[in-house]
Amino acid sequence: MTETTTHLAARGSYAVEVQGAAKEFANSLRGARIWRVLAMNDILARYRGSLIGPFWITLTQGAFVLGIGLLYSQLFKMSTKDYIPLLANGVILWGLFASIILEGCETFIYSASIIKQTSLPLPSFLWRVVTRNLIIFLHQAVVLVIVALWFGYLLKIQLWWAVIGIALGVVNVAWMGLVVGIICTRFRDMPQVIGSAMQMLFFLTPVLWDPKQASPKAAALLSVNPFYHMLAVTRDPLMGRTPHLNSFIVLIVMAVVGWLAAFAFFAGVRRRVVHYL
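A quick note: this is a predicted structure, and the numbers were derived from the prediction, not measured. (Residues numbered from 1 in each chain as written. Predicted model: local features only at pLDDT ≥ 70, side-chain atom pairs only at ≥ 80, totals over all residues. Heavy atoms only, no water.)

Asks: Which parts of the structure should I look at to understand the overall build of the protein chain?
Replies: Helix and strand counts for the protein chain stand at 13 helices and 0 strands. For the protein chain, whose C-alpha radius of gyration is 21 Å, the value lies close to the compact-globule estimate of 19 Å for 277 residues. If you line up the protein chain on its principal axes, its C-alpha atoms span 70 × 50 × 35 Å. Counting only residues that meet the buried cut, the protein chain has 47% of its 277 residues in that class. By sequence separation, contacts in the protein chain at least 24 residues apart represent 79% of the contacts at least 6 residues apart. Roughly 14800 Å² of accessible area belongs to the protein chain as shown, and the carbon and sulfur atoms make up 69% of that amount. With 22 positive and 10 negative side-chain charges, the protein chain shows a spacing of 5 Å between the two charge centroids. (Helix = DSSP H or I, 4+ residues; strand = E, 2+ residues; numbered from the N terminus. Rg over C-alpha atoms; globule rule 2.2 N^0.38 Å. Buried < 20%, exposed > 50% of the residue type's maximum accessible area, 1.4 Å probe, protein only. Contact = heavy atoms within 4.5 Å. Areas by Shrake-Rupley, 256 points an atom, 1.4 Å probe, with all protein chains shown as cover. Lys, Arg positive; Asp, Glu negative; His and termini not counted. Charge placed at Lys NZ, Arg CZ, Asp CG, Glu CD.)

Asks: Explain the pattern of salt bridges here, please?
Replies: Pairs can form between side chains of opposite charge once their charged atoms are near each other. Counted by the stated rule, this structure contains 7 salt bridges. The closest approach of N and O atoms between Arg270 and Glu24, which form a salt bridge, is 2.8 Å. Taken together, the residues span a long stretch of sequence, with Arg270 in the loop between helix H12 (245-269) and helix H13 (273-276) and Glu24 in helix H1 (residues 2-30) at a distance of 246 residues. Using a relative accessible area of 15% as the deciding quantity, one classes Glu24 as buried. Bridged by salt links that share partners, the residues Glu17, Glu24, Arg270 and Arg271 form one connected network. (Salt bridge = Lys/Arg side-chain N within 4 Å of Asp/Glu carboxyl O.)

Asks: Would you mind going over a nonpolar patch on the surface with me for this structure?
Replies: Side chains of Leu245, Ile249, Ile252, Val253, Val256, Val257 and Leu260 sit close together on the surface and give an oily, nonpolar patch of about 660 Å² of accessible area. Relative to the assigned elements, Leu260 resides in helix H12. (Patch = residues over 30% accessible without salt bridge, like charges linked within 9 Å, V, L, I, M, F, W, Y side chains within 5 Å.)

Asks: What is the right way to look at the packing of helix H11 (residues 226-238) against H12 in this model?
Replies: For any two helices packed against each other, one specifies the inter-axial angle together with the distance between the axes. Contact pair H11 / H12: the axes reach a minimum separation of 9 Å and the direction vectors enclose 125 degrees. Judged on the interaxial angle alone, H12 and H11 are oblique. Judged by the sense of rotation from one axis to the other, the crossing of H11 with H12 is left-handed. Residues Pro226, His229, Met230, Ala232 and Val233 of H11 form the contact with H12, whose own contacting residues are Ser247, Phe248, Val250, Leu251 and Met254. Counted by class, the contact of H11 with H12 contains 8 nonpolar, 2 polar and no charged residues. (Axes fitted to C-alpha atoms, helices over the stretch in contact; angles between N-to-C directions. Parallel < 35°, antiparallel > 145°, perpendicular 65-115°, else oblique. Left-handed = near helix turned anticlockwise from the far one by under 90°. Nonpolar A, V, L, I, M, F, W, Y, C, P; charged D, E, K, R; others polar.)

Asks: What am I meant to see in the packing of aromatic side chains here?
Replies: By the definition in use, this model includes 11 aromatic pairs. Taken together, a centroid distance of 5.8 Å and an interplanar angle of 70 degrees make the contact between Tyr72 and Phe76 edge-to-face. Classification of Tyr72 as partly exposed rests on a relative accessible area of 24%. Centre to centre, the rings of Phe202 and Phe203 are 5.2 Å apart; their planes meet at 80 degrees, and the pair counts as edge-to-face. You can call Phe203 exposed: its relative accessible area is 53%. Each member of the aromatic cluster is reached from another via a ring pair, and the members are Phe25, Trp127, Trp259, Phe263 and Phe266. The ring of Phe187 has Arg186 sitting right over it, with the charged end atom 4.8 Å from the ring centre. (Phe/Tyr/Trp six-rings, centres within 6.5 Å; stacked < 30°, edge-to-face > 60°. Lys NZ or Arg CZ within 6 Å of the ring centre and 35° of its normal.)

Asks: Would you mind going over helix H7 (residues 123-150) with me for this structure?
Replies: Helical periodicity: at 3.6 residues per turn, an α-helix aligns residues three or four positions apart in one direction. Taking 1.5 Å per residue as the helical rise, H7 with its 28 residues ought to reach 40 Å, and the 41 Å between its terminal C-alpha atoms agrees with that figure. Along H7, the largest kink reaches about 30 degrees and is centred on His139. Counting buried positions over the 28 residues of H7 gives 21, a clear majority of the element. The positive-phi residue at the C-terminal boundary of H7 is Gly152, with phi of around 75 degrees. (Expected span 1.5 Å × (residues − 1). Bend = angle between axes of the 7 residues up to and from the residue.)

Spelled out as structure tokens, the structure:
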């Protein structure tokens, strides 16, 4: 009888935490202006005193794409017309997805002073990271437009498919960012581990190379790589190709399952995050 009572009490306590977590997410979405302002302030602070601000990233990415594109197109025996658009879209899209996860590692650590002094809902700081990286991505998208214009496929871009693909990718890396943010707040050496894992995934994901060049065994491994699917539904339409339906299905399923798991995890530990800080 006592064990049953304890079990019911535990279930009731977790149900309360789930309701509290849902309320935090709802409040964070209602307070969108706060995390948008925080994201803009992050960018302004990062580039204060710079002549062209975040467009330094645009110039850097443009130089990287040109230099690596000319070299690697020869190594992979591809024409620059085929390789440079592949590289440009791959690098910039990877930068968006990877940055949300990597910066997500310090989502709460970076905002520790605000979290301790205010009652802002914790998801607000995740949306801050996502918004900041989307703004930076828009600056880098200038490179994609220039490449598309130069190689003559600008009018072939399937923009709506690309927007849907980017949205699916961001939705997925957002729940990953929430999970790693909590873990890294508790275990401060985890950002280095996650950084190393993302670096390895960079080379295992067809960012610098064409997935069509993969062997049958490598292609089978790509099918279980979520970042491959994120690139497939975003890079293909940005290059004027119709994306495969399979990748959309994988990302939709992963988003639903991932967010359910991330929400359950958040509900169980959300009250401890401030103590981890």
